[in-house]
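Here's the letter readout for the chains.
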Amino acid sequence: MTSPVWHPFFQHGLNEPIPHVERAEGALLHLAGGGTLIDCIASWWVTTHGHCHPRIVAAIADQAGKLDQLIFAGYTHGPAEEVAQGLVDIAPRAANRDPLAHVFFSDSGSTAVEVALKMALGYWHNRALDGLSEPRHRILVLQHSYHGDTIGAMSVGERGVYNAAWSPLLFDVGTIPFPHAGQEQATLDALEAACAQKPAAFIVEPLILGAGGMLIYPAHVLREMAAICARHDVLFIADEVMTGWGRTGTLFACEQAGVVPDIMAVAKGITGGAIPLAATLASPPIFEAHRSTDRARLFYHSSSYTANAIACAAAAANLAIWREEDVLGRIAALGQGMAQRLARLAEHPAFANPRQLGVIAAIDLIAPDAGYLSDLAPRLRAFAQERGLLLRPLGNTIYLMPPYCLDADQLDRVFAVLQKAGDAFG
Ligand code: PLP
């Protein structure tokens, strides 16, 4: 029987098998009909502490019986208040920078980015109404970035076959070249020149571009990019949707560069990965530009489920785990285990460019036909699946971004399969 389900980023015409997962715990997915998969990519980079973490499950169950959902336009509830304060408390901060003191909830990484872009343009719009500056509209982006699949988020992401159908709807942006090793100064010079044209904002994935191929760049470049924006009064938006919640070895990647953005988008691991929720944090000037006795100035954005109480309860439980458990210690130990094994894998002649930041590890398979539309990634995915792993390579880039509970035995199994993939595909 064919299923009516239409899957994302999946070509139904190829009739590739669609595994049915029944249950999950820790780093393991249990398949219907038997068998398990190690979730090497945290189910699209969301699961942090492990699937079905008991503290998060309990918080969801408890909240579901108390208050499930509440209109959030002018009403509030305990879990949202707790999470907003918790996010403000842990957000990157520095003595000489406005803190991220305001939290706007939404429900996915893409919407958190949309909200960030709307806040940035709203800020300049309202300042122009007050005669404080000219309106600014242009957004600067980093080459090869990915910020989500809604129209605004696609506009600020890399253009390609994956968004060509909607190109008439995507707005024009200024693209700054990615700071490949040895080309950092060119990136900074291009940003400086673009900022002199008075754009509204610059949006970046801090320290590592995810869907663009797990491309890492140094903390000093992130710091200098933020400084250039500050010098030119250009809003600095950090998209911590992937990098947040410990993935890069610190709670947020911006911390490693001492950067406090004007606006920061978080999602994915905000609930430990159990249930959709996102947040866009803003500094006081952004909030104040929208706060007025004039109703026309309010921030025009919402969705029905803004700050859903069950999702907020899960996020509150996640924040408690971060406060009370040594999550960063767990991440450091896992990162070390990954680094040792990655170094061994890199000796295999089929692989090149090993790289790692925190608990994100990547390596490229040397392959003649490795483009986005080649069937290499799906074949690698199938190879891994037959051997008990859930992997989703990006072209010829195999990456791991596991839940932090992955143990040494599981890591050994993962890297043994990668060695075999090198033998089979190299
Ligand atoms: N921003 C970044 C950096 C991402 O990696 C992603 C998703 O992978 C998004 C935004 C979009 O998040 P979501 O898929 O939750 O809409």
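Because the structure is a prediction, the values reported are computed rather than measured. Numbers given for residues are sequential positions, taken from 1 along each chain in its written order. Note on the predicted model: pLDDT of at least 70 is required for a residue's local features to be given, and 80 or more for side-chain atom pairs to be given and counted; whole-chain, interface and lining totals, by contrast, use all residues.

Trainee: Quick rundown of the packing of helix H6 (residues 184-195) against helix H7 (residues 219-231)? Include the residues and the values.
Mentor: Axis angles are defined between N-to-C directions and span 0 to 180 degrees, where every axis is a line fitted to C-alpha atoms and, for a helix, only to the segment in contact. Helical segments are the DSSP runs of H or I of at least four residues, strand segments are the runs of E of at least two, and each set is numbered from the N terminus. At a minimum axis separation of 10 Å, H6 and H7 run at an interaxial angle of 15°. Accordingly, the angle class assigned to the pair H6 and H7 is roughly parallel. Between H6 and H7 lies a crossing of right-handed hand. Along its contact with H6, which presents Glu184, Thr187, Leu188, Leu191, Glu192 and Cys195, the element H7 presents Val221, Glu224, Met225, Ile228 and Cys229. Taken together, the residues of the contact of H6 with H7 sort by class into 7 nonpolar, 1 polar and 3 charged. Roughly parallel means an angle under 35 degrees; roughly antiparallel, over 145; roughly perpendicular, 65 to 115; everything else is oblique. In this scheme the handedness of a crossing depends on how the near helix is turned from the far one: anticlockwise by less than a right angle means left-handed, clockwise means right-handed. By definition, residues are in contact whenever their C-beta atoms, placed on the basis of the backbone, come within 7 Å of each other. Residues are grouped as follows: Ala, Val, Leu, Ile, Met, Phe, Trp, Tyr, Cys and Pro are nonpolar; Asp, Glu, Lys and Arg are charged; all remaining types, including Gly, are polar.

Trainee: Quick one: what's the story with the UniProt feature "binding site: pyridoxal 5'-phosphate" (unreviewed entry) in the chain, residue by residue and with numbers?
Mentor: Those residues carrying the UniProt feature "binding site: pyridoxal 5'-phosphate" (unreviewed entry) are Gly109, Ser110, Asp239, Ser303 and Ser304 in this numbering. Separation in sequence by 196 residues is matched in space for these annotated residues, since their most distant C-alpha atoms are 23.2 Å apart. On the secondary structure map, Asp239 appears in strand E10 (residues 235-239). Not counting chain neighbours up to four residues away, the residues in contact with Asp239 comprise Val113, His147, Ile203, Val204, Glu205 and Ala265. Here Ser303 is to be found in the loop between helix H8 (284-290) and helix H9 (309-324). Exposure in this text rests on C-beta crowding, where 20 or more other C-beta atoms within 10 Å of a residue's own make it buried, 12 or fewer make it exposed, and counts in between make it partly exposed. The C-beta atoms are placed from the backbone. A count of 14 C-beta atoms within 10 Å places Ser303 in the partly exposed class. UniProt positions are given in the numbering used here, feature names are shortened, and annotations may be inferred rather than shown by experiment.

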